[in-house]
Amino acid sequence: VLVSEKGIELDPPTVAELREINTGATSMKVPGAKYAWRLRTKGWSLELLARKKTPSLRSEALHLVSVGEGVVYGNVVHNILVTGAPVDTLQFKIPADLQSVEFVHTDLRRWTNEGETWTVKFNRKLIGNVTLAISYLHRFEPGQAVRVGGIESIGPETQTGYLIVASHLDLK
């Protein structure tokens, strides 16, 4: 019985002196089994090529921005669909003038930044839907242009988003 881990792709094997059977027809039940064989004779052989899959990411973000007296409070919820292979690191582009940047996720280990590139490291490899929250603030002077949005995922194949701006101020 042959099974692969998440993120590993198996090419159809080349076999000699083995008879392929349905994976459900074995006495040993293995979840996610790809192939199963029965021996015909001695001297059987099996050649297998296993390759690491590359992760594929799709990102959707909801930006919620609250503009107050001299400060913008921002929260971004990123929902990232990870397929193909699991990841333990995600990257984001965050403008340098945003302050007090924090990330929230249950399996978050740490985050670091180099310039505008922020790298988020998780405790384990993740696959499927990954929801990550980012909070920040941006101070501004009266009459100064205010930045809203601007945080994006690095590396996804597609990226969509929504922006909600709330304020008690008279904004132009």
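Rules and cut-offs
- In every chain, residue numbers begin from 1 and rise along the written sequence.
- Where local features are concerned, this predicted model is filtered to residues with pLDDT of at least 70; where side-chain atom pairs are given and counted, the filter is 80 or more; whole-chain, interface and lining totals use all residues.
- Each side-chain value is derived from all of the structure's non-hydrogen atoms; neither hydrogens nor water enter the calculation.
- Helix and strand assignments come from DSSP, with helices taken as H or I runs of at least 4 residues and strands as E runs of at least 2, each series counted from the N terminus.
- Only protein chains enter the area calculation, which uses a 1.4 Å probe; residues under 20% of their type maximum are buried, those over 50% are exposed, and those in between are partly exposed.
- Nonpolar side chains (Val, Leu, Ile, Met, Phe, Trp, Tyr) are joined into patches within 5 Å and like charges within 9 Å, using only residues with over 30% relative accessible area and no salt bridge.
- Only the protein chains shown count as cover for residues, and the accessible areas themselves come from Shrake-Rupley with a 1.4 Å probe.
- Between Lys or Arg on one side and Asp or Glu on the other, a salt bridge is scored when a side-chain nitrogen of the former is within 4 Å of a carboxyl oxygen of the latter.
- What we call a nonpolar core is a set of buried Ala, Val, Leu, Ile, Met, Phe, Trp, Tyr and Cys residues that are connected through their side-chain atoms within 4.5 Å.
- Only Phe, Tyr and Trp rings are paired, with Trp represented by its six-membered ring, and only when their centres lie within 6.5 Å; those with planes under 30 degrees apart are stacked, over 60 edge-to-face, the remainder tilted.
- Contacts: residue pairs with any heavy atoms within 4.5 Å of one another.

**A short note on the environment of I94**
So, step 1. Within the element layout of this structure, I94 appears in the loop between β9 (71-93) and β10 (99-104).
So, step 2. Overall, the relative accessible area of 1% leaves I94 in the buried class.

**Structural notes on a nonpolar patch on the surface**
So, step 1. Judged by side-chain polarity, V15, L39, W44, L46 and L48 come together as a nonpolar surface patch covering roughly 450 Å² of accessible area.
So, step 2. You can see L39 is positioned in strand β5 (residues 33-39).
So, step 3. For L39, a relative accessible area of 59% gives the class exposed.

**A short note on the nonpolar core**
So, step 1. Among the nonpolar cores identified, the biggest contains 26 residues, and L90, F92, I94, V101, F103, F122 and I134 are the most heavily contacted of them.
So, step 2. Listing elements by their share of this core, those giving two or more residues are β8 (56-67), β9, β10 and β12 (117-139).
So, step 3. A per-element tally of this core places β12 first, with eight residues.
So, step 4. The next biggest cluster of nonpolar side chains, apart from the first, holds five residues, and it includes L2, L10, L18 and W37.

**Focus: the packing of aromatic side chains**
So, step 1. Scanning the model with the defined rule gives four aromatic pairs in all.
So, step 2. Relative to F103, the ring of F92 has its centre 5.9 Å away and its plane inclined at 40°; by these criteria the two rings are tilted. Here F103 lies in strand β10 and F92 lies in strand β9, a separation of 11 residues in the sequence. Side by side, F92 and F103 carry an identical accessibility label, which is buried.
So, step 3. Considering the side-chain rings of F103 and W111, the 5.4 Å spacing of their centres and the 55° angle between planes classify their relative orientation as tilted.
So, step 4. Residue W111 is classed as partly exposed on the basis of its relative accessible area, which comes to 31%.
So, step 5. Linked through ring pairs, F92, F103, W111 and W118 together constitute an aromatic cluster.

**A few points about the side chain of H105**
So, step 1. With respect to the helices, strands and loops of the structure, H105 is situated in the loop between β10 and β11 (108-114).
So, step 2. If we ignore the near neighbours within four places in the chain, the residues touching H105 are F122, L126, V130, T131 and L132.

**Let's talk about unusual backbone geometry**
Excluding glycine, residues mostly carry a negative phi; peptide bonds, for their part, are mostly trans.
So, step 1. Even without glycine at this site, E17 takes up a positive phi of about 65°.
So, step 2. Following the sequence through the fold, E17 ends up in the loop between β3 (14-16) and β4 (18-21).
So, step 3. Judged by its relative accessible area of 38%, E17 is partly exposed.
So, step 4. You will see that S100, though not glycine, has its phi angle at about 50°, which is positive.
So, step 5. With respect to the helices and strands, the residue S100 is situated in strand β10.

**A closer look at the environment of P95**
So, step 1. Secondary-structure assignment places P95 in the loop between β9 and β10.
So, step 2. In this structure, the C-alpha to C-alpha distance between P95 and T119, residues 24 residues apart in sequence, is 14 Å.
So, step 3. Discounting chain neighbours no more than four positions away, the residues touching P95 are E116, R147, G150 and I151.

**Details of the pattern of salt bridges**
So, step 1. With the rule as written, the count across this model stands at four salt bridges.
So, step 2. Among the salt bridges present, the one from R51 reaches D11, with a minimum N-O distance of 2.8 Å. Here R51 is found in strand β7 (residues 50-52), whereas its partner D11 is found in the loop between β2 (8-10) and β3, with 40 residues between them in sequence.
So, step 3. Here K121 ties to D88 by a salt bridge, and the two come within 2.8 Å at their closest N and O atoms. Of this pair, K121 sits in strand β12 while D88 sits in strand β9; the two residues are 33 residues apart in sequence, bridging distant segments of the chain.

By themselves, these observations are geometric and do not establish any function.
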